[in-house]
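Overview (structure and organization)
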Amino acid sequence: MYLCICNAISDRRVRDAVAAGARDWVAVHAHAGCQPNCGQCAADISDEIVKSATNLRTPSAPEAADVQPSEVLSAVRS
Ligand code: FES
């Protein structure tokens, strides 16, 4: 499912970006090789980041497990 219509970023691409270290919606766009445009996707991408980070909770991915929803919201609001 597309989360960012402007840049055709799907939920799968968000998960790939999170696995590669992206921790906010702007970083997800950078990982996809683009920049945010309208901003309508910020909340949906941030939600997917939190879900993806939760799913990455393994001993080999401790940084992903440390992403808290409040951190994502702060990044979106800045
Ligand atoms: S929908 Fe993502 S920048 Fe417009």
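Quick note: structure is the one above.
Residues numbered from 1 in each chain as written. Predicted model: local features only at pLDDT ≥ 70, side-chain atom pairs only at ≥ 80, totals over all residues.

In this section: helix H3 (residues 42-55). Here H3 is 14 residues long and its end C-alpha atoms lie 20 Å apart, about the 20 Å a rise of 1.5 Å per residue gives. Among the residues of H3, Ala42, Ile45, Ser46, Glu48, Ile49, Ser52 and Ala53 are the ones counted as buried. Taken around the axis of H3, the buried residues stretch over an arc of 160 degrees, which confines them to a single face. (Helix = DSSP H or I, 4+ residues; strand = E, 2+ residues; numbered from the N terminus. Expected span 1.5 Å × (residues − 1). Buried ≥ 20, exposed ≤ 12 C-beta atoms within 10 Å, placed from the backbone. Arc of directions from axis to C-beta.)

At Ala8, a residue that is not glycine, the phi angle is positive and equals roughly 50 degrees. Judged by the 11 C-beta atoms lying within 10 Å of it, Ala8 is exposed.

Contact geometry for helix H1 (residues 11-19) and H3: axes closest at 9 Å, N-to-C directions at 55 degrees. Taken together, the axis directions place H1 and H3 in an arrangement best described as oblique. Between H1 and H3 lies a crossing of right-handed hand. Of H3, the residues touching H1 (which contributes Asp11, Val14, Arg15 and Val18) are Ile45, Glu48, Ile49, Ser52 and Ala53. (Axes fitted to C-alpha atoms, helices over the stretch in contact; angles between N-to-C directions. Parallel < 35°, antiparallel > 145°, perpendicular 65-115°, else oblique. Left-handed = near helix turned anticlockwise from the far one by under 90°. Contact = placed C-beta atoms within 7 Å.)

Here we take up the nonpolar core. If you look at the biggest cluster of nonpolar residues, it comprises 14 residues, and the most contacted ones within it are Leu3, Val14, Val18, Val28, Cys41 and Ile45. If you list the elements that add at least two residues to this core, you get strand E1 (2-4), H1, helix H2 (25-31) and H3. Per-element tally for this core: the top contributor is H3, with four residues. (Core = buried A, V, L, I, M, F, W, Y, C linked by C-beta atoms within 7 Å.)

With respect to the helices and strands, Val28 occurs in helix H2. Of the residues examined, Val28 has 30 C-beta atoms within 10 Å and is grouped as buried. When the C-alpha positions of Val28 and Ile45 are compared, they lie 8.1 Å apart, and in sequence the two are 17 residues distant. Leaving out residues up to four positions away in the same chain, Val28 has contacts with Ile9, Val14, Ala17, Ala22 and Ile45.

This brings us to H1. Where H1 is concerned, the buried positions are Arg13, Val14, Ala17 and Val18. Each buried residue of H1 lies within a common arc of 140 degrees when the element is viewed along its axis, so the set occupies one face. Looking at the residues trailing H1, positive phi occurs at Gly21, about 115 degrees.

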